[in-house]
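# Remarks on the overall topology
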Amino acid sequence: MFSAAPHLPSFTAGLLVCLSLVALKGRLLPPPAPVSADDLSDGFSEDEDADPRPPSTNPQEWGYTSAPYKLVMAVNMTLKMGKGKQCAQCCHAAVGCYKQAGALYPRGLKAWEVTGCAKVAVKLPADVDQHEEFSRIRGMCRERGVACYLVEDAGRTQIAAGSRTVIGVGPAPVEIVDEIMGGYKLL
């Protein structure tokens, strides 16, 4: 038979700690940041039949209403990288893109963070000139103001120094990223 009596002191102590923390919350934590109407907008119109607005072409205007967002990392498949090396290079691209996006469009970056941080890894086709493909992608990113980061390996492990391994694009609104990176196969 279960008796609650032996557990009562622990429960009471836990309850008192929780109540104390709630009472101290106002003194220990800063007040919440003000919320703007843009932060509360879910991006949907009142009219259910209306087409959703396409994302702005001005990255400074990106925010929650431009969601969904994603970050795409394209791996150079002509290099003989192991899976772990590919993952490490994708991580370099993701961090580089994150830093750039924070500088270029901080509201858009915040929206990406809040909406799940979608990331996709794809293969650059081995039958295309990788240098030209990287240049094409970078040019399209510059035209649209989208964060882009090209990883060049340091050459300490599997591949030669200066090898272009991965290019990251975004995070940015899905429609815009798909214009730049659409058509590649998943890694």
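Quick caveat, the model's predicted, so the values are computed rather than measured.

### Remarks on the confidence of the model for the protein
When pLDDT is averaged along the protein, the result is 80; 71% of the residues meet or exceed 70. In the model, residues 11-30 has pLDDT below 50 throughout and makes zero contacts with residues more than four positions away in sequence or in other chains. Of the regions scoring below 50 in pLDDT, residues 39-51 engages in six contacts with residues more than four places distant in sequence or in other chains.

### Some thoughts on the sheet that holds strand β3 (residues 148-152)
Reading across the sheet, the five strands line up as β3-β4-β1-β2-β5 and stay open at both edges, with mixed pairing between neighbours. Where the open sheet ends on each side, the last strands, each with one partner, are β3 and β5 (185-186). Pairing between strand β1 (residues 69-76) and strand β2 (residues 119-124): six bridges, direction parallel. Among the inter-strand pairings, Ala74 is bridged to a residue of β2, identified as Val122. Where helix α3 (residues 83-104) meets the sheet, it contacts β1, β3 and β4 (164-173), and its direction lies at approximately 40° from that of β4. The sheet contacts of helix α6 (residues 174-181) involve β1 and β4, and relative to β4 the element is tilted by about 150°.

Conventions we followed
- Residues numbered from 1 in each chain as written.
- Predicted model: local features only at pLDDT ≥ 70, side-chain atom pairs only at ≥ 80, totals over all residues.
- Heavy atoms only, no water.
- pLDDT = per-residue confidence, 0-100.
- Contact = heavy atoms within 4.5 Å.
- Pairing = 2+ DSSP bridges.
- Helix = DSSP H or I, 4+ residues; strand = E, 2+ residues; numbered from the N terminus.
- Axes fitted to C-alpha atoms, helices over the stretch in contact; angles between N-to-C directions.

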